Amino acid sequence: TTHLVWLRNDLRITDNKALHAACNEPDARVLAVFIATPQQWRRHDIAPRQAALIHASLKQLQQALEQKGIPLYCHQCDDFAASIDWLTDYCAKQQVTVLFYNRQYELNEWRRDQQVEQRLAGRVRCQHFDDSLLLPPGSVQTGSGEMYKVYTPFRNAFIRRLTESDVRCLPAPQPRAGALPIPDAPPAFEYSHADPGEDFPAGEQAALQRLRAFCRQQVQDYLTQRDLPAIAGTSSLSPYLAIGTLSPRQCFNRLCAEHPSVLEERESGAFGWLNELIWREFYRHLMAAYPALCRHRPFIAWTDKVRWRNDESLLQAWQRGKTGYPIVDAAMRQLNNTGWMHNRLRMISASFLVKDLLIDWRVGERYFMSQLLDGDLAANNGGWQWAASTGTDAVPYFRIFNPTSQSERFDPQGTFIRKWLPELADVPDNDIHQPHLWAQKQQLVLNYPLPVVDHRQARLETLAAFEAAKQGG
Ligand code: FAD
């Protein structure tokens, strides 16, 4: 028998359900494949930095699997359609008896997997697993069997379910006997080149190390530090979770190992962090329940009638970090330069695009995706629909962030702002949030743009636009 593991968003050997199952039979020949689909990635706006992180992770994964006696072949074709053809042929050539894979819940990925299973039916048995979540989609439902639309009751039901479920981690496979064909190293992807940077070293060992250190030394301060972008107070594990070099079970089990009473101590930093992992689950469960979310549909239908502003120069000012609102600009420059952005800043900059510039949230969602190392359809869409007030359990449309007071509150001394906006180095702490006012008083000209909109005015226009849409457009 030949077992084939099809790796996708699960680039690790420990706690990998499909890989573990494929290795259960001691006599089976186990092969692994990864199929890069650059054209499809372009259609999905995958960030070149994320593709580079995938590539670097694959190199490490290939070596780790090699030590277990499992060859990993990396193949490249255009898109999902081509990958289906290639995989079907490959299964025939290698006389594969069982195909193992971990499910992806995005619509195109889900359809691709359905088609693969249809094509292989009768020849190759297919076994799939819910691996990228603590609990499978559909397993946390209301009394009437529906997906929760509000987060807090979802979380409460989720935790009840979690305590009844087996979410232990699975070990890496044992080394397998037999001669090993040595596969070629992963070919360079035909994709825009980018350097993933040094902040996120590739591979599961790097991810596990970061997880251990965070759970041991930092998570207790999570609630007081998580909203301050000048401090590294969050785990920075999102790029690893997004491509699956780390699993949520590993996160949860490590958290419990360091903080055994996490579920009882709801005011603790440990619980606060678990809460974020559950937001990740919430958005994935929602996406699986409402595939329209993958087709750029808002959750609240009437919000589709908002008359968005189609202004290229405002959009560019936002993308380039030149809006004249320092916190927004520093955030966008962090994103452009590193591929990562602090959560508080994602909320502020998303809100700014939608509620101050009145630009369609989907434009921002795409731009984030095209830059983020941790780009993840469910979390990104969830975050944008939250900020744009188009999502389920989103911020109500009439509650609009004031970028200046957000800045004063979460970056009081402007430490984060100064890091990314060296042109504001000389502005005093108290004035850094509105440097143009200070420059005016000092009769100075700053090498920094004036605000592209007036927040008070913009707020009124946005309220009017949402209200008109609500009345029927
Ligand atoms: P931590 O605070 O340490 O949280 C631990 C993990 O929980 C994260 O790694 C992440 O996997 C998950 N998580 C945390 N917050 C959220 C959240 N609000 N929603 C879903 N999952 C969460 N996260 C992504 O992983 N990919 C995205 O593409 C993405 N786009 C976003 C877009 C917007 C507009 C907003 C507001 C949020 C977005 N987020 C996204 C959620 C969040 O900002 C990041 O997960 C977080 O900043 C990652 O940093 P961290 O690993 O240090 O998080």
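Here the residue numbers are simple positions, counted from 1 along each chain's written sequence. Only residues with pLDDT of at least 70 are given local features in this predicted model, and only at 80 or more are side-chain atom pairs given and counted; all residues enter the totals for whole chains, interfaces and linings. To obtain the side-chain values, all non-hydrogen atoms of the structure were used and water was disregarded.

S.K.: Would you explain the overall build of the protein in this entry?
M.R.: Helix and strand content of the protein: 20 helices and five strands. Relative to its length of 473 residues, the protein is compact, with a C-alpha radius of gyration of 24 Å against a globular reference of 23 Å. In terms of overall dimensions, the protein has a C-alpha envelope of 80 × 50 × 50 Å along the principal axes. A total of 473 residues make up the protein; the buried ones form 56% of that total. When checking whether two residues touch, look at their non-hydrogen atoms; a contact exists if any pair is within 4.5 Å. The long-range fraction of contacts in the protein, counting pairs at least 24 apart against all pairs at least 6 apart in sequence, stands at 79%. Computed by Shrake-Rupley with a 1.4 Å probe, the accessible areas treat only the displayed protein chains as cover when residues are assessed. As displayed, the protein offers around 20800 Å² of accessible surface, 47% of which is attributable to carbon and sulfur atoms. Neither His nor the chain ends contribute to the count of charged residues, in which Lys and Arg are positive and Asp and Glu negative. Charged groups are reduced to one reference atom each: NZ for lysine, CZ for arginine, CG for aspartic acid, CD for glutamic acid. Across the protein, the centroid of the 52 positively charged side chains sits 3 Å from that of the 52 negatively charged ones. Only DSSP runs of H or I with at least four residues qualify as helices, and only runs of E with at least two residues qualify as strands; both kinds are numbered from the N terminus onward. Taken over C-alpha atoms, the radius of gyration is set against a globule rule of 2.2 Å times the number of residues to the power 0.38. Burial classification: accessible surface area is computed with a 1.4 Å probe over protein chains only, and a residue below 20% of its type maximum counts as buried, one above 50% as exposed, and the rest as partly exposed.

S.K.: What is the right way to look at helix α5 (residues 107-120) in this model?
M.R.: Taking 1.5 Å per residue, 14 residues should reach 20 Å; α5 reaches 20 Å between its end C-alpha atoms and fits that length. Residues of α5 that are buried: Leu107, Glu109, Arg112, Asp113, Val116 and Leu120. Elements that come into contact with the buried residues of α5 comprise β1 (2-7), α4 (80-93), β4 (98-102) and β5 (125-129). Following α5 by one or two positions, Gly122 has its phi on the positive side, about 85°. Multiplying 1.5 Å by the helix residue count minus one yields the expected span of that helix.

S.K.: Where do I start with the domain arrangement of the protein in this structure?
M.R.: Many descriptions give the size of an interface as the accessible area lost when the pieces come together. Taken domain by domain, the protein holds domain 1 (2-131), domain 2 (132-169 + 204-289) and domain 3 (301-470). Note that the domain bounds were set by an automatic or database domain assignment. Between the C-alpha centres of domain 1 and domain 2 the distance comes to 26 Å. Taken together, the contact between domain 1 and domain 2 spans 19 residues of the former and 20 residues of the latter. For the pair domain 1 and domain 2, the summed buried area comes to about 1600 Å², and 53% of that belongs to carbon and sulfur atoms. In this description, buried area is defined as the sum, over both parts, of the accessible area (probe of 1.4 Å) that is lost when the two are combined.

S.K.: I'm lost on helix α15 (residues 361-371) in this one. Help?
M.R.: Owing to its 3.6 residues per turn, the α-helix brings residues three or four apart onto one side. Most of α15 is tucked away, with eight of its eleven residues classed as buried. Listed as buried for α15 are Trp361, Arg362, Gly364, Glu365, Tyr367, Phe368, Met369 and Gln371. In this structure, the buried side of α15 is in contact with α3 (48-67), α12 (312-320), α13 (326-338), α14 (343-356) and α16 (377-387). Between the side-chain oxygen of the N-cap and the backbone nitrogen of Arg362 there are 3.0 Å, and the N-cap of α15 in question is Asp360. Whenever two N or O atoms come within 3.5 Å, that pair is a polar contact, provided that in protein one can donate a hydrogen and the other can accept it, and provided that, for residues adjacent in sequence, both atoms are side-chain atoms.

S.K.: Looking at this model, I keep getting lost on the side chain of Arg112. Mind explaining?
M.R.: Within the fold, Arg112 resides in helix α5. On the accessibility criterion, Arg112 (6% relative accessible area) is buried. For Arg112, the contacting residues outside a window of four places in its chain are Trp6, Arg8, Phe80, Ser83, Ile84 and Gln104.

S.K.: What is the right way to look at the packing of α13 against α15 in this model?
M.R.: The description of two helices packed together rests on the angle between their axes and the distance between the axes. Throughout, an axis means a line fitted to C-alpha atoms (over the contacting stretch in the case of helices), and angles, computed between N-to-C directions, take values from 0 to 180 degrees. Put simply, α13 and α15 touch, their axes get as near as 8 Å, and they point 40° apart. One finds that α13 runs oblique with respect to α15. Counting all contacts with α13, which are made through Met332, Leu335 and Asn336, the residues of α15 involved are Tyr367, Phe368 and Gln371. Looking at the contact of α13 with α15 residue by residue, the class counts come to four nonpolar, two polar and no charged. Between 65 and 115 degrees an angle is taken as roughly perpendicular, under 35 as roughly parallel, over 145 as roughly antiparallel, and anywhere else as oblique. Put simply, Ala, Val, Leu, Ile, Met, Phe, Trp, Tyr, Cys and Pro go in the nonpolar bin, Asp, Glu, Lys and Arg in the charged bin, and everything else, Gly too, in the polar bin.

S.K.: Just to check I follow, could you spell out empty space enclosed by the protein for this structure?
M.R.: Over the atoms, a rolling probe the size of a water molecule traces out where space has been left empty. Cavities and pockets were defined on a 1 Å grid built from protein atoms only: a cavity is a group of points that admits a 1.4 Å probe but offers it no way out, a pocket is an open group of points flanked by protein on both sides within 12 Å along at least five of seven lines, and a lining residue is one with an atom within 4 Å of any such point. Grid points are joined across faces, edges and corners, and a volume is the space filled by probe spheres set on the points. Taken as a whole and assessed by the stated rule, the structure comprises three cavities of 30 Å³ or more. Taken as a whole, the largest cavity spans an internal volume of roughly 170 Å³. Residue lining of the largest cavity: 20 residues in total, with Asn9, Arg103, Gln104, Ser132 and Arg284 positioned closest to the centre. Here the lining of the largest cavity gets three residues from one element, more than from any other, and that element is helix α11 (residues 269-289). In terms of residue class, the lining of the largest cavity is made up of six nonpolar, six polar and eight charged. Tyr283, Leu286, Leu293, Asn381 and Gly382 are, among the 16 residues lining the second largest cavity, the residues nearest its centre. Counting residues per element, the ones that place at least two in the lining of the second largest cavity are α11 and α16. Among the elements that line the lining of the second largest cavity, the one with the most residues is α16, at six residues. Residue classes in the lining of the second largest cavity are distributed as ten nonpolar, five polar and one charged.

S.K.: Would you mind going over the packing of α12 against α13 with me for this structure?
M.R.: The geometry of α12 relative to α13 is characterised by a closest axis approach of 7 Å and an angle of 70° between their N-to-C directions. Taken together, the axes of α12 and α13 lie roughly perpendicular to each other. Here Trp318, Gln319 and Arg320 of α12 come into contact with α13, specifically with Val328, Met332, Arg333 and Asn336. For the contact of α12 with α13, a count of residues per class yields three nonpolar, two polar and two charged.

S.K.: Explanation requested: the pattern of salt bridges in the structure shown.
M.R.: By salt bridge we mean one thing: a side-chain nitrogen of Lys or Arg within 4 Å of a carboxyl oxygen of Asp or Glu. Considering all chains together, one arrives at 23 salt bridges under this definition. For Asp374, the salt bridge identified is with Arg346, shortest N-O distance 2.7 Å. Here the residue Asp374 occupies a position in the loop between α15 and α16, and Arg346 occupies one in helix α14, the gap between them amounting to 28 residues. Assigned by exposure class, Asp374 and Arg346 land together as buried. Here Asp429 ties to Arg418 by a salt bridge, and the two come within 2.6 Å at their closest N and O atoms. Taken together, the residues span a long stretch of sequence, with Asp429 in the loop between α18 (415-420) and α19 (435-442) and Arg418 in helix α18 at a distance of eleven residues. By relative accessible area, Arg418 is classed as partly exposed at 22%. Through salt bridges with shared partners, one network takes in Arg12, Asp15, Asp131 and Arg249.

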